[in-house]
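Here's the letter readout for the chains.
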Amino acid sequence: MLKALLNLTSRRTFALMEYRPAELDAKWQHYWREKQTFSADFPSDKPKFYVLDMFPYPSGAGLHVGHPLGYIASDIVARFKRHQGFNVLHPMGYDAFGLPAEQYAIQTGQHPERTTEKNIERYREQLDRIGFSFDWSREVRTCRSDYYHWTQWIFIQLFHSWFNEESQKAEPISTLEEQLAAHGTAGVRGSHHGEPLCSASDWAAFGPGEREALLQHYRLAFRSESVVNWCPALGTVLANDEVIDGRSERGGHPVVQKPMLQWSLRISAYAERLLIGLDGLDWSDSIKETQRNWIGRSQGARVRFELPDLPETSLEIFTTRPDTLYGVTFMVVAPEHPFLDALTTQDQKSEVTAYQEMASRRSERERQADTKSISGAFTGSYARHPFSGALIPIWTSDYVLMGYGTGAIMAVPAHDSRDYAFARHFDLPMVEVVGGGDLQVSSHDAKEGQLINSDFLNGLDVKDAIDRAIQEVESRGLGERRIQYRLRDAVFGRQRYWGEPIPVHYRNGIPETLPESELPLILPVVDAYLPTEDGEPPLARAATWESREGLPLETTTMPGWAASSWYFLRYMDPKNDQSFARREALDYWGQVDLYVGGSEHGTGHLLYARFWGQFLFDRGLIPFAEPFQKLVNQGMIQGLSAFVHRVEGSQTYVSAEAADQHACQAIHVDVSLVNEKDELNLDAFRQWMPAYAQAEFDPPQGPIKVRREVEKMSKTKHNVINPDSICELHGADALRLYEMFLGPLEQSKPWDTNGLSGVTGFLRKVSRLMDKRHAGAASKEELKTLHKLIDKIQRDMESLSFNTSVSAMMIAVNEWGAMSHLADQTLADFAVLLSPSAPHLAEELWNQLGHSESIAYAPFPVLDPALLIEDHQQYPVQFNGKTRFMVEVPQGTPAAEVEALVRGHEKTAGYVEDKQIRKVIVVPGRIVNVVIG
RNA sequence: GCCCAGGUGGCGGAAUUGGUAGACGCGCACGACUCAAACUCGUGUUCCCCUGGAGUGCGGGUUCGAUUCCCGCCCUGGGCACCA
């Protein structure tokens, strides 16, 4: 006690308020939790504001300092909006189904639910330490049955819907059934796959199996036999966005193409709406562009080529260049094309079959890696040119993809570089139909030039020729104008355990959705998280896997993106057990006003969530079509990796500056083993891993310097900084401020813990301002500082420029630090300005200034613009654009007087010398420029 | 190859509509306080051939004036890619 007292009095200045961040963090986090400070009101008369973060997958590794960056930004906005009087919805939850927990379950036998819950607990601890103002009473966990009940329910709505291209929206499947009963498929304009065909009398005669088989071609949730991405290592299929460079996004396992009967969602029906909808969204250009690329709209025509050997049918192709129809010298079909067998002549049979086999064995990755080598086989048969009637040889090659267009192309080697390469390789003829190129060198792909060798198209420009050719094709009934999208239907079933069961049972093999009263369909207990011996998914291991009617249930589960496609709706009414969210709550909270998350979800989550949003809107289930009006993608926080240099073939480590004198290997070393001078802790290094226990150093006692490099922050690079340790040492407010101070939110930037001292120093200065408090009126100069800051922070909040608002606060505090007294009211107003970024210290200041309620709902100080006006104006004086000196005049001095002052200024003559003043430009309030010459 | 974003001191970055380039912070240097250390405070810090000159990736242009606008190029990061 005495010691503590001595210690206290020995401090040079006795501060009224000593800054102890650890105490403040604990005190106020406890207070917020007890008082439920941040629970959002519903119903409410206040205007609403919905700030959302992309919810995390709770991984076993926990959070590093990069993860909370976006959460801090959104939390600042949430707190700011509360000060502005908004009723703020700022929730958090967990995207809890996922592959890592299941992989771990396979290895350990532990139920993925247990590891997931454990990870969630750890996440919650880490998040709590940072002082977020989340409304935890609204937390969702997607693996809980009270949540996935509604994921399953939405699936059922998708199943019972079709996309009517006439009305451009989803409708109940019953409206399709009415059309089918009236006139069969003729005149039905619905998004579909394959070639559904029936007449009204067929439909009437159909049994339930035949009807369902037809409806499956139109349902938004459907089963189809299609070529899918199969990942043998994970034992499941994957959607296109989950495959990167031919490998699985999670785990990097090889992916092969394989035809399978699969559940899919018809996102392709929404391609045009998803594309157009982007225009109205306040998202970054780059992420909109990513989605546009992914949707991949291209305009052209479908054209049918007659097949003399197969008179019943014709070969349909898609082309964006119908103007080049007279340049067609061969056709190419994909190796998986359904007509290929029939098209292949006896002579070519062995060659084509061998080629098909070769192509099917190649994985997606191999194909992508090897786009230069050209391969293919001649089928032996011919198609008839629709205009000239000439016979055109049909080839097969894997440069034509079954999944795009019709799986067949008309090859125009003179004007398509891929066709050109193919023709060169197999020595096929070329016909130039657009002038301006040189076939000796390359194909002429550009959409410019005049048509030649093309009968009725001759002399037209490419653009006009395209239109003319389509007209001709349509009028002759050979095809039609067509818009093609790259976006493909999303495979929805996963041969996995840890996901939502698909609420479908089979009656005589016909899929039916479960009655809604049977939801949720609970994930069953299984004895192992592996496929069964005959290759069935893990759910088939359940003792009984049957619906209440005793019918067999679907055994695949939903993919990770199912739950995240609608979670933002559940936060509005998280405990509702009658519907996914009640209508009044949906109407009140509406769209997400600000969504913060990583740009890596551009083609996955953000597209699927928009798709579900459009669908739910079409079916009248939500009052808006686009879920996220404004989106901000936070940048990555990179790690500052450290490398030690080992002399090759030895156990000797040398300092970085000596490394070039030896042949050295650079080895990642954990950044916690390095001090702020970049010196390695030698003992700690020896103990770090057994491999380094015998390490020798040159010089033996050090110092051994490491080399630094900016890299992605990750465990394998040993450069991870944990937010807990920052909070423990410097407090949550310092972490929050520093993450914002580092730079613009959207930008990637390296983390350097050394820089933290800037913001901790700032926080200490803030707490020391309390020594200057007095009850009297505020001075003019302290108010000027205050109102400059109010102005700056208001503008920065709108533009999400949190880095500059932190520096503005630093400037204000530096100014106040030079003043002898500060009014209580000034300090209280400042506390509110500080509160969004550094809430713990702000609460403490507010409390010490005599407020008993939390600062969280204190009104934002009102700007008095009169206080911003200076009574004097500084003008920089330039000569030919170079600033030379300053003049000071009273505010509002007329330009002519300023000019006269500058002309007569003693320094002016020295810069003019023997030249003439040509002109004097006075920009009021800005600058004076004297033009001499 | 096509598309998008970006390039400013030793470092992170600032400059809101074309108007003092380098705010704020780190680091560094010097000084004060201290028995000492930490903390804290103060001063300086774009570069150079320093009464001046150059300078925002490079080369041009528009302008009284360009980090900001226009044209051409280079580099970095991201997206798409036998998509017909």
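This one's a predicted model, so the numbers in the text were calculated from it and none came from an experiment.

> Sorry if this is basic, but what is going on with the overall build of chain A here?
Looking only at helices and strands, one finds 30 helices and 33 strands in chain A. Taken along its principal axes, the extent of the C-alpha atoms in chain A is 100 × 85 × 75 Å. Residues classed as buried in chain A amount to 52% of the 933 residues present. Put simply, 70% of the contacts in chain A that link residues at least 6 apart link residues at least 24 apart. Summing over all exposed atoms, chain A offers an accessible surface of approximately 41800 Å²; the carbon and sulfur share of this is 50%. Across chain A, the 94 positively charged side chains and the 124 negatively charged ones have centroids separated by 5 Å.

> What exactly am I supposed to notice about the packing of aromatic side chains here?
For any pair of aromatic rings, the description rests on two quantities: the centre-to-centre distance and the angle between the ring planes. Under the criterion given, the structure shown has 54 aromatic pairs. Ring geometry for phenylalanine 97 versus tryptophan 498: centroids 4.8 Å apart, planes at 75°, classification edge-to-face. With phenylalanine 97 in the loop between strand S2 (87-89) and helix H4 (99-108) and tryptophan 498 in the loop between strand S17 (490-491) and strand S18 (504-507), this residue pair connects regions lying 401 residues apart in the sequence. Residue class for phenylalanine 97 comes out buried when judged on its relative accessible area of 6%. Three or more aromatic residues joined by ring pairs make a cluster, and in this case those are Phe330, Phe378, Tyr382, Trp395, Tyr399, Phe422 and Phe426. Over the ring of tryptophan 136 we find arginine 124, and its NZ or CZ is 3.9 Å from the ring centre.

> Looking at this structure, I do not really get the protein's contact with RNA strand B. What am I missing?
With respect to spatial proximity, 55 residues lie near RNA strand B, and among them Thr320, Arg418, Arg486, Leu742 and Arg795 are the closest. Backbone sugar and phosphate groups make up 57% of those atoms of RNA strand B lying within 4 Å of the protein. Interatomic distance of 3.4 Å between a side-chain N/O atom of threonine 319 and a sugar or linking oxygen of RNA strand B. Arginine 926 places a polar side-chain atom, nitrogen or oxygen, 3.5 Å from a base oxygen of RNA strand B. Across the surface near RNA strand B, the residue classes tally to 18 nonpolar, 21 polar and 16 charged.

> Quick question: what am I supposed to make of the pairing of strand S3 (residues 161-164) here?
The side chains of a regular strand alternate between the sheet's two faces. Alternating positions in S3 separate into two faces, Ser161 and Phe163 on one and Trp162 and Asn164 on the other, with burial throughout. Where S3 and strand S4 (residues 169-172) come together, four bridges link them in antiparallel fashion. By the bridge assignment for S4, tryptophan 162 is matched with glutamate 171. Where S3 hands over to S4, the hairpin turn is made up of four residues, of which glutamine 168 adopts a positive phi near 55°.

> Explanation requested: the packing of helix H24 (residues 756-769) against helix H27 (residues 824-834) in the structure shown.
To characterise two packed helices, one gives the angle between the axes of the helices and the distance between these axes. Orientation of H24 relative to H27, taken along the N-to-C sense of each, is 155°, at an axis distance of 11 Å. What the angle tells us is that H24 and H27 run roughly antiparallel. In this structure, the crossing between H24 and H27 has a hand that is left-handed. Where H24 approaches H27, its residues Phe762, Val766 and Leu769 are matched on the opposing element by Leu827, Phe830 and Leu834. Broken down by class, the residue content of the contact of H24 with H27 amounts to six nonpolar, no polar and no charged.

> What is the right way to read the sheet that holds strand S6 (residues 236-238) from this model?
Paired through backbone hydrogen bonds, the strands of a sheet run either parallel or antiparallel to each other. Pairing within the open sheet is antiparallel, and its four strands lie in the order S6-S5-S9-S17. The open sheet terminates on both sides in strands that have one partner only, identified here as S6 and S17. Pairing of strand S5 (residues 221-231) with S6 involves three bridges; the strand directions are antiparallel. Opposite cysteine 231, over in S6, you have threonine 236 as the bridge partner.

> Mind showing me how you'd approach the pattern of salt bridges here?
Close approach of charged atoms lets side chains of opposite charge pair. Summed over all chains, the structure comprises 44 salt bridges. A salt bridge links arginine 273 to aspartate 618; the shortest N-O distance between them is 2.9 Å. Of this pair, arginine 273 sits in helix H10 (residues 271-277) while aspartate 618 is found in helix H20 (residues 605-618), placing the two residues 345 residues apart along the sequence. Comparing arginine 273 with aspartate 618, the two get one shared label, buried. When the shortest N-O distance is used, the salt bridge between glutamate 472 and arginine 476 registers 2.9 Å. Residue classification places glutamate 472 among the buried positions, given a relative accessible area of 14%. Sharing partners across several salt bridges, the network here consists of Glu117, Glu139, Arg141 and Arg144.

> Mind showing me how you'd approach the confidence of the model for chain A here?
Regions with low pLDDT should not have their predicted coordinates read in detail. Looking at chain A as a whole, its pLDDT mean stands at 90, while 98% of the residues score no less than 70. For this predicted complex, the interface score ipTM comes out at 0.94, while the overall pTM is 0.92.

> Would you explain the sheet that holds strand S30 (residues 872-879) in this entry?
If you trace the four strands from one edge of the open sheet to the other, you get S31-S30-S33-S32, paired in mixed fashion. Either end of the sheet is taken by a strand with one partner, and the two such strands are strand S31 (882-890) and strand S32 (917-923). Taking each pair of neighbouring strands and ignoring which way they run, the sheet shows an average axis angle of 20°. Direction of pairing for S30 relative to strand S33 (residues 927-932): parallel, over a ladder of three bridges. In the sheet register, glutamine 878 faces S33, and the bridge partner there is asparagine 929. Contacts from helix H29 (residues 895-903) reach S30, S31, S32 and S33 within the one sheet, and its direction differs from that of S32 by about 135°.

> I would appreciate a short explanation of helix H6 (residues 145-159) in the present structure.
Owing to its 3.6 residues per turn, the α-helix brings residues three or four apart onto one side. For H6, with 15 residues, the first-to-last C-alpha span of 20 Å sits near the 21 Å given by 1.5 Å per residue. Taken across its 15 residues, H6 has 13 buried, putting it largely inside the fold.

> Mind showing me how you'd approach unusual backbone geometry here?
Note: most peptide bonds trans; most residues except glycine with negative phi. For the peptide bond that leads from phenylalanine 42 to proline 43, omega is -5°, which places it in the cis range. If you trace the backbone, proline 43 turns up in the loop between helix H2 (21-35) and strand S1 (48-53). For the peptide bond that leads from leucine 519 to proline 520, omega is -5°, which places it in the cis range. Topologically, proline 520 is positioned in the loop between strand S19 (510-513) and helix H17 (561-564). Of note in this structure, aspartate 427 is not a glycine but carries a positive phi near 55°. Of the residues examined, aspartate 427 reaches a relative accessible area of 69% and is grouped as exposed.

> Just to check I follow, could you spell out the environment of leucine 822 for this structure?
You can see leucine 822 is positioned in strand S29 (residues 822-823). In this structure, the C-alpha to C-alpha distance between leucine 822 and glycine 93, residues 729 residues apart in sequence, is 42 Å. Residues within four places of leucine 822 in sequence aside, it is in contact with Leu769, Lys772, Arg773, His774, Glu782, Trp816 and Leu827.

> Before we go on, may I ask you to explain helix H11 (residues 285-295) in this structure?
For H11, the complete set of buried residues consists of Ile287, Lys288, Gln291 and Ile295. Seen from one end, H11 has its buried residues packed into an arc of 105°, which puts them on one side. Facing away from the buried side of H11, by more than 90 degrees, are the exposed residues Asp285, Ser286 and Asn293. Buried residues belonging to H11 abut H10, strand S10 (297-306), strand S16 (479-485), H20 and strand S21 (631-633).

Conventions adopted
Residues numbered from 1 in each chain as written. Chains lettered and ligands numbered in written order. Predicted model: local features only at pLDDT ≥ 70, side-chain atom pairs only at ≥ 80, totals over all residues. Heavy atoms only, no water. Helix = DSSP H or I, 4+ residues; strand = E, 2+ residues; numbered from the N terminus. Buried < 20%, exposed > 50% of the residue type's maximum accessible area, 1.4 Å probe, protein only. Contact = heavy atoms within 4.5 Å. Areas by Shrake-Rupley, 256 points an atom, 1.4 Å probe, with all protein chains shown as cover. Lys, Arg positive; Asp, Glu negative; His and termini not counted. Charge placed at Lys NZ, Arg CZ, Asp CG, Glu CD. Phe/Tyr/Trp six-rings, centres within 6.5 Å; stacked < 30°, edge-to-face > 60°. Lys NZ or Arg CZ within 6 Å of the ring centre and 35° of its normal. Near = heavy atom within 4 Å. Polar contact = N/O pair within 3.5 Å; in protein donor to acceptor, adjacent residues only side chain to side chain. Nonpolar A, V, L, I, M, F, W, Y, C, P; charged D, E, K, R; others polar. Pairing = 2+ DSSP bridges. Axes fitted to C-alpha atoms, helices over the stretch in contact; angles between N-to-C directions. Parallel < 35°, antiparallel > 145°, perpendicular 65-115°, else oblique. Left-handed = near helix turned anticlockwise from the far one by under 90°. Salt bridge = Lys/Arg side-chain N within 4 Å of Asp/Glu carboxyl O. pLDDT = per-residue confidence, 0-100. Expected span 1.5 Å × (residues − 1). Arc of directions from axis to C-beta.

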